[in-house]
Amino acid sequence: MKIQTFSILTGSEACNARCPFCVSKMTPPHGIELKEPQVNWRNFRKACLFARQSGVTTAMLTGKGEPTLFPAQMTKYLQAMADLEFPFIELQTNGIHIYEKWEQYDEHLSEWYELGLTTVIISVVHFDAERNREIYLPHRERYIDLPCLLHRLHDKGFSVRLGCIALNGYIDSGGKLEEMIRFAREHRVEQLTIRPVNAPQDTRDADVFNWTKEHFLTSYQFESLKNYLRLNGTELMRLVHDAIVYDVRGQNVCLTNCLTLDPDGKDIRQLIFFPDGHLRYDWQYEGAILL
Ligand code: SF4
């Protein structure tokens with residue numbers, strides 16, 4: 001059995017962005033609320049040990065909301081797993097709080113770097129600031145200065161991955177992907193991941209579900225992304241569930257899908273630790289539980 005990633009849900013459902021496709025509004029809360037949750041540290045330790053004994057090399061701090069809203073808790077998670085020495089520890093964020101409160105996060109990021117954080121993954125939908133604003137901050141006039149944030153994170157020694165959600169009308173063709181890759185190269189982004197937006201089968205928010213369905217990539221659009229990478233990239237490796245990593249003129253690009261379950265049942269894409277102590281391997285099916 002191969003497990004790709006150990007995802008640790010930090011923080012709560014609270015988020016400072018307003019993405020119309022927000023998956024956390026569509027999936028069950030699994031005990032996560034808006035306030036900072038109490039963490040079952042005993043089970044967190046067991047989950048970490050299981051992940052390490054299963055050969056997991058990457059731990060990812062993420063959340064059903066925005067994890068950086070609770071920086072002290074992030075520090076506690078990193079401290080609690082420090083001795084297990086996961087080679088790669090990643091933080092998934094929309095980057096807004098880090099950019100806007102840099103005076104405060106400068107210090108946190110230095111501490112997290114010392115505790116082993118290797119990679120900061122910033123979620124985007126486009127290379128253009130206005131297109132990102134429409135999705136992440138529709139209630140505000142401006143999106144963050146993403147190039148400035150990338151520069152600051154590099155200066156602190158982090159690797160950066162842009163996690164691009166591919167939406168119909170945004171990054172939905174080979175040409176748009178080429179521009180996204182150009183942006184990533186220009187700002188020395190180490191890794192770029194393209195993942196088509198997806199929605200669970202059952203949802204608890206019809207508006208979010210309907211918006212998301214309207215912005216699914218068509219199969220023609222998805223083929224256009226795949227063809228661009230086949231024609232312009234060199235395949236480097238295949239990850240579980242058909243994710244393929246390419247080199248495109250020196251830029252690392254991974255095209256993946258949104259599946260968390262392997263229909264053949266051979267692999268688990270990710271383990272997911274919930275603060276209440278549960279350990280699951282899928283976001284939407286409550287029965288996909290180990291602990
Ligand atoms: S940044 Fe993530 S958690 Fe926040 S609204 Fe967007 S999808 Fe939801």
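This section reports on the structure supplied with the text. (Residues numbered from 1 in each chain as written. Predicted model: local features only at pLDDT ≥ 70, side-chain atom pairs only at ≥ 80, totals over all residues. Heavy atoms only, no water.)

**Let's talk about the side chain of Asp 282**
Stage number 1. Along the chain, the position of Asp 282 falls in the segment after β11 (279-280).
Stage number 2. Arg 280 provides the closest opposite charge to the buried, unpaired Asp 282, separated from it by 8.9 Å.
Stage number 3. A distance of 3.0 Å separates the side chain of Asp 282 from the backbone nitrogen of Tyr 285, its partner in a polar contact. (Helix = DSSP H or I, 4+ residues; strand = E, 2+ residues; numbered from the N terminus. Buried < 20%, exposed > 50% of the residue type's maximum accessible area, 1.4 Å probe, protein only. Lys, Arg positive; Asp, Glu negative; His and termini not counted. Salt bridge = Lys/Arg side-chain N within 4 Å of Asp/Glu carboxyl O. Polar contact = N/O pair within 3.5 Å; in protein donor to acceptor, adjacent residues only side chain to side chain.)

**Considering the packing of aromatic side chains**
Stage number 1. Considering all chains together, one arrives at 10 aromatic pairs under this definition.
Stage number 2. Measuring from ring centre to ring centre gives 5.0 Å for Phe 44 and Tyr 77, while their planes differ by 80°; the resulting arrangement is edge-to-face. Taken as a pair, Phe 44 in helix α1 (residues 41-53) and Tyr 77 in helix α2 (residues 71-81) lie far apart in primary sequence, 33 residues in all. For the pair Phe 44 and Tyr 77, one class covers both residues: buried.
Stage number 3. One aromatic cluster is present, built from ring pairs that chain together Phe 6, Trp 41, Phe 44, Tyr 77, Phe 86 and Phe 273.
Stage number 4. Positioned over the ring face of Phe 274 is Arg 280, at 5.1 Å from the centre of the ring. (Phe/Tyr/Trp six-rings, centres within 6.5 Å; stacked < 30°, edge-to-face > 60°. Lys NZ or Arg CZ within 6 Å of the ring centre and 35° of its normal.)

**Considerations on the layout of surface pockets**
Stage number 1. Here the second largest pocket defines a volume of roughly 240 Å³.
Stage number 2. Forming the walls of the second largest pocket are 13 residues, and the residues nearest its centre are Lys 226, Asp 242, Ile 244, Tyr 246 and Leu 255.
Stage number 3. Breaking the lining of the second largest pocket down by element, the ones donating at least two residues are α9 (219-232), β7 (234-238) and β8 (244-248).
Stage number 4. Counting residues per element, the lining of the second largest pocket draws most heavily on α9, at four residues.
Stage number 5. Residue composition of the lining of the second largest pocket, grouped by class: five nonpolar, three polar and five charged. (1 Å grid on protein atoms, 1.4 Å probe; cavity = no way out; pocket = protein on both sides within 12 Å on 5 of 7 lines; lining within 4 Å. Points joined across faces, edges and corners; volume = space filled by probe spheres on them. Nonpolar A, V, L, I, M, F, W, Y, C, P; charged D, E, K, R; others polar.)

**Focus on the pairing of strand β6 (residues 191-196)**
Stage number 1. Where strand β5 (residues 159-166) and β6 come together, six bridges link them in parallel fashion. Within β6, the residue paired with Cys 164 across the bridge is Ile 194.
Stage number 2. Following the backbone out of β5, through helix α7 (residues 174-186) and into the adjacent parallel β6, one traces a crossover that is right-handed.
Stage number 3. Inspection of the sheet shows β6 paired to strand β9 (residues 251-255) by four bridges, in the parallel sense. By the bridge assignment for β9, Thr 193 is matched with Cys 254. (Pairing = 2+ DSSP bridges. Right-handed = clockwise from strand over helix to strand, strands pointing away.)

**Quick notes on the pairing of β8**
Stage number 1. The buried fraction of β8 is high, at four of five residues.
Stage number 2. Strand direction decides the pairing type here: β7 and β8, joined by four bridges, are antiparallel. If you follow Glu 235 over to β8, its bridge partner there is Tyr 246.
Stage number 3. Inspection of the sheet shows β8 paired to β9 by five bridges, in the antiparallel sense. In the strand pairing of β9, Asp 247 is matched with Asn 252.

**Quick look at α2**
Stage number 1. The complete set of buried residues in α2 reads Pro 71, Gln 73, Met 74, Thr 75, Tyr 77, Leu 78 and Met 81.
Stage number 2. Tucked into the core, α2 has its buried residues touching β1 (3-9), α1, β2 (58-62), β3 (88-93), α4 (102-114) and β10 (268-273). (Contact = heavy atoms within 4.5 Å.)

**Some details on helix α8 (residues 206-214)**
Stage number 1. Those residues of α8 that sit buried are Val 208, Phe 209 and Thr 212. The buried side chains of α8 occupy one side of the element, clustering within an arc of 100° when seen end-on. In α8, the exposed residues that point more than 90 degrees away from the buried face are Asp 207 and Glu 214. (Arc of directions from axis to C-beta.)

**Focus on a nonpolar patch on the surface**
Stage number 1. Judged by side-chain polarity, Phe 50, Leu 290 and Leu 291 come together as a nonpolar surface patch covering roughly 230 Å² of accessible area.
Stage number 2. Relative to the elements of secondary structure, Leu 290 occurs in the segment after β11.
Stage number 3. Overall, Leu 290 belongs to the partly exposed group, its relative accessible area being 42%. (Patch = residues over 30% accessible without salt bridge, like charges linked within 9 Å, V, L, I, M, F, W, Y side chains within 5 Å. Areas by Shrake-Rupley, 256 points an atom, 1.4 Å probe, with all protein chains shown as cover.)

**Comments concerning the site of the ligand**
Stage number 1. By nearness alone, every residue bordering the ligand is listed as Cys 15, Ala 17, Cys 19, Cys 22, Lys 64, Gly 65 and Asn 94.
Stage number 2. By residue class, the composition of the shell around the ligand is four nonpolar, two polar and one charged. (Near = heavy atom within 4 Å.)

**Topic: the nonpolar core**
Stage number 1. The biggest cluster of nonpolar side chains holds 74 residues, and the ones touching the most others in it are Phe 6, Met 81, Ile 122, Tyr 136, Leu 162 and Ile 194.
Stage number 2. With residues near it in sequence (within four places) discarded, Ile 122 still touches Thr 93, Asn 94, Leu 146, Leu 149, Leu 150, Leu 153, Val 160, Arg 161, Leu 162 and Gly 163. (Core = buried A, V, L, I, M, F, W, Y, C linked by side-chain atoms within 4.5 Å.)

Shape is all these values report; function is a separate question.
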